[in-house]
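# Commentary on secondary and tertiary structure
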Amino acid sequence: MVQSALAQDPFTGTVFVFRAKRADRMKILFWDGSGLVMTYKRLEENSFIWPAIRDSVITLNRPQFEALFAGLDWRRVRSLEPRRPAAAE
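Our subject in this report is the structure included herewith. (Residues numbered from 1 in each chain as written. Predicted model: local features only at pLDDT ≥ 70, side-chain atom pairs only at ≥ 80, totals over all residues. Heavy atoms only, no water.)

A few words now on the side chain of Asp-24. The topology assignment puts Asp-24 in the loop between strand E1 (16–19) and strand E2 (25–31). Leave out the neighbours within four places in its chain, and Asp-24 touches Lys-41, Arg-42, Leu-43, Asn-46, Ser-47 and Phe-48. (Helix = DSSP H or I, 4+ residues; strand = E, 2+ residues; numbered from the N terminus. Contact = heavy atoms within 4.5 Å.)

Unusually for a residue other than glycine, Ala-23 sits at a positive phi of about 65°. Counting through the fold element by element, Ala-23 comes out in the loop between E1 and E2.

Looking at where Leu-6 falls in the secondary structure, it is placed in the segment before E1. For Leu-6, a relative accessible area of 24% gives the class partly exposed. Considered as a pair, Leu-6 and Val-57 are 51 residues apart in the sequence and their alpha carbons are 8.4 Å apart. (Buried < 20%, exposed > 50% of the residue type's maximum accessible area, 1.4 Å probe, protein only.)

Let us now look at the sheet that holds E1. One open sheet holds the three strands; their spatial order is E1-E2-E3, and the pairing between them is antiparallel. Of all the strands in the sheet, the pair left with one neighbour each is E1 and strand E3 (36–42). Mean inter-strand twist for the sheet, computed between neighbouring axes without regard to direction, equals 15°. Here seven bridges tie E2 to E3, and the two strands are oriented antiparallel to one another. Considered in E3, the bridge of Phe-30 is made with Val-37. Helix H1 (residues 62–69) contacts E1, E2 and E3 of the sheet and is inclined by roughly 140° relative to E2. (Pairing = 2+ DSSP bridges. Axes fitted to C-alpha atoms, helices over the stretch in contact; angles between N-to-C directions.)

Within this structure, the stated rule accounts for three aromatic pairs. On the basis of an interplanar angle of 65° and a centroid distance of 5.9 Å, the ring pair of Phe-48 and Trp-50 is categorised as edge-to-face. The exposure class of Trp-50 is buried, given its relative accessible area of 15%. Across the ring face of Phe-69, the terminal group of Lys-41 is positioned such that the distance to the ring centre comes to 4.3 Å. (Phe/Tyr/Trp six-rings, centres within 6.5 Å; stacked < 30°, edge-to-face > 60°. Lys NZ or Arg CZ within 6 Å of the ring centre and 35° of its normal.)

If you look at the biggest cluster of nonpolar residues, it comprises nine residues: Ala-23, Met-26, Ile-28, Leu-43, Phe-48, Trp-50, Ala-67, Leu-68 and Trp-74. Those elements that place two or more of their residues in this core are E2 and H1. Residue contacts for Phe-48: discarding those within four places in its chain leaves Ala-23, Asp-24, Arg-25, Met-26, Lys-41, Leu-43, Leu-68, Phe-69 and Gly-71. (Core = buried A, V, L, I, M, F, W, Y, C linked by side-chain atoms within 4.5 Å.)

Here you go:
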């Protein structure tokens, strides 16, 4: 499906995520260098909050993906701005 429907190379290390129609299940496929790894996850009580899909592709950064996989609202994940600590008085 990655090659035929998405015209992508599944052997690049890119993580491909497929969702079920009810949005409570996902399959993840990626190449780890020695073989294709497929993971399946189903939420018992809720549904995953999915980003809008354009051209069959979504892009998430790592923290957003981790929130999605954990069943959290990935839209609420924000990077913290690094700042210097306040000088001790």
